[in-house]
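Chains, contacts and geometry: an overview
In case you want the letters, here they are:
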Amino acid sequence: MLRPEVLPRGSAAAALPGGPTDFTEAWLRNRRLSEHTRDAYRRDVTGWLSWCAARDLDPLRASFLDVNAYGRELEATPCGRGGRPLTPATVARRLSALSSWYDFLVKLRAVDANPVAAADRPRVDRDHSATVGLTPDEVDALLAAADADTGATAARNRAAIALLADLGLRVGELVSLDLADLGAERGHRSIRFVGKGGKVRRRALTPGTAYAIDAYLAARAAAQGVTVAELTGPLLVTATGGRLDRHAVFRLVRRLAQAAGIPAWAKLSPHSLRHAFATTARAEGVPLEDVQDAMGHADPRTTRRYDRDRHNLDRDPAYAIWAARARRRG
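Model, not experiment: these values are computed from the prediction.

**Considerations on the side chain of Arg156**
The topology assignment puts Arg156 in helix α7 (residues 154-167). Buried charge Arg156 goes without a salt bridge, the closest partner of opposite sign being Asp149 at 7.4 Å. A distance of 2.8 Å separates polar atoms of two side chains, one belonging to Arg156 and the other to Asn157. If near-sequence neighbours (up to four positions away) are discounted, Arg156 is found in contact with Tyr216, Leu236, Val237, Thr238 and Leu244.

What follows is the structure, given as structure tokens:
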């Protein structure tokens, strides 16, 4: 077991003979993270290591100037199907993961200082999100399209969309769900999952979502010739029995949105339903702190950013003050 506090300077590299790859795995094991977050962080660090390798740069000797060059290249290089560079928020997130990695190396005494700490990170507007949102009517249309869906995976698709729409789950949380995570608490049907930061959380299932899950599991059990109680493994599976992945959920959301006639269907993502969850909850009068708890946000400012209707003048507190004054005068 590694004990960074007693390692002399330079001995961490000897303790981890595989070099940066072993550093990364040790760093990930040291943190309480969901598997989805763990995979994302691993990709972030691997991207940096690949960039360093292409330039014959030792990542343990990199300076903030190297990190700046890497960040500027991320901002300028077209990527993905759309051929657009990464957004400032995505670049900032990647550099944040890299900074955490280097903080771990500092504790191991593998490097003297964190080069990301002095780097020039992109400015991110904390009051804005690039995610394309959905109106309540569009969410209803998406759910209706899922209800009208046909084929061998239709019941699974309805359950997946219901979980995204009614609970506002992150896509990583959704695909990580297992059958063993279903339960009950104080008369509520519930689902347990590992949220961001590795925190185990529990949410209530609405009657509609519980019905969709029950219908899916009944169909799945019948297809396998077993009872629902005998089913094991992931909650949402592919036609071949493997765990549904996040890419399949992205494709599902866009396919159903297109079928529902939603104009921005090609730009939607599972996260669009998470934004819609926050916006609709606040519009229906759910207190900010309850929405924050439901979404697993450590900072209420994050929850407010998800509320796409927060600048609607209908919600201006001036109206409430004026109405109260009118009642006093009346």
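**Observations concerning the sheet that holds strand β2 (residues 188-194)**
In space, the 3 strands of this open sheet follow the order β1-β2-β3, with antiparallel pairing throughout. On the outer flanks of this sheet lie β1 (182-185) and β3 (200-204), each paired with one strand and no other. Pairwise comparison of adjacent strand axes, ignoring direction, gives a mean angle of 40 degrees for this sheet. Here β2 runs beside β3; their pairing, made up of 5 bridges, is antiparallel. When the sheet's bridge partners are listed, Ile191 is paired in β3 with Arg203.

**Side note on helix α6 (residues 136-148)**
The end-to-end C-alpha separation of α6 is 18 Å, in line with the 18 Å expected for 13 residues at 1.5 Å each. By the burial criterion, the buried members of α6 are Val139, Leu142, Ala145 and Ala146. When α6 is viewed along its axis, its buried side chains cluster within an angular range of 120 degrees and face the same direction. In α6, the exposed positions angled more than 90 degrees off the buried face are occupied by Asp137, Asp147 and Ala148. Looking at the buried positions of α6, the neighbouring elements they touch are α7, α10 (246-259) and α11 (270-283).

**What about the packing of aromatic side chains?**
Scanning the model with the defined rule gives 6 aromatic pairs in all. Each ring, one from Trp48 and one from Tyr102, has its centre 6.5 Å from the other, and the planes form 75 degrees; the classification is edge-to-face. Of this pair, Trp48 sits in helix α3 (residues 35-54) while Tyr102 sits in helix α5 (residues 88-107), placing them 54 residues apart in sequence. Looking at Trp48, the relative accessible area reads 0%, which means it is buried. With relative accessibility at 1%, the residue Tyr102 sits in the buried group. These aromatic residues form a ring-pair network of at least three members: Trp48, Trp51, Tyr70, Trp101 and Tyr102.

**A closer look at unusual backbone geometry**
Trans is the common state for peptide bonds, and a negative phi is the common state for residues other than glycine. Although it is not a glycine, Asp56 sits at a positive phi angle of roughly 55 degrees. By the element assignment, Asp56 lies in the loop between α3 and α4 (64-76). Of note in this structure, Arg186 is not a glycine but carries a positive phi near 50 degrees. Along the chain, Arg186 turns up in the loop between β1 and β2.

**With respect to the confidence of the model for the protein**
Across the protein, the average pLDDT comes to 83, with 82% of residues at 70 or higher. Here residues 1-17 is a poorly scored stretch, pLDDT under 50, and it has 25 contacts once near neighbours within four places are set aside; other chains count.

**Some words on the packing of α4 against α5**
Running from amino to carboxyl end, α4 crosses α5 at an angle of 150 degrees, the nearest separation of the two axes being 10 Å. One element, α4, and the other, α5, form an angle in the roughly antiparallel class. Pair α4 / α5 crosses with right-handed handedness. Counting all contacts with α4, which are made through Val67, Tyr70, Gly71, Leu74 and Glu75, the residues of α5 involved are Val91, Arg94 and Leu95. Taken together, the residues of the contact of α4 with α5 sort by class into 5 nonpolar, 1 polar and 2 charged.

Rules used throughout
- Residues numbered from 1 in each chain as written.
- Predicted model: local features only at pLDDT ≥ 70, side-chain atom pairs only at ≥ 80, totals over all residues.
- Heavy atoms only, no water.
- Helix = DSSP H or I, 4+ residues; strand = E, 2+ residues; numbered from the N terminus.
- Buried < 20%, exposed > 50% of the residue type's maximum accessible area, 1.4 Å probe, protein only.
- Lys, Arg positive; Asp, Glu negative; His and termini not counted.
- Salt bridge = Lys/Arg side-chain N within 4 Å of Asp/Glu carboxyl O.
- Polar contact = N/O pair within 3.5 Å; in protein donor to acceptor, adjacent residues only side chain to side chain.
- Contact = heavy atoms within 4.5 Å.
- Pairing = 2+ DSSP bridges.
- Axes fitted to C-alpha atoms, helices over the stretch in contact; angles between N-to-C directions.
- Expected span 1.5 Å × (residues − 1).
- Arc of directions from axis to C-beta.
- Phe/Tyr/Trp six-rings, centres within 6.5 Å; stacked < 30°, edge-to-face > 60°.
- pLDDT = per-residue confidence, 0-100.
- Parallel < 35°, antiparallel > 145°, perpendicular 65-115°, else oblique.
- Left-handed = near helix turned anticlockwise from the far one by under 90°.
- Nonpolar A, V, L, I, M, F, W, Y, C, P; charged D, E, K, R; others polar.

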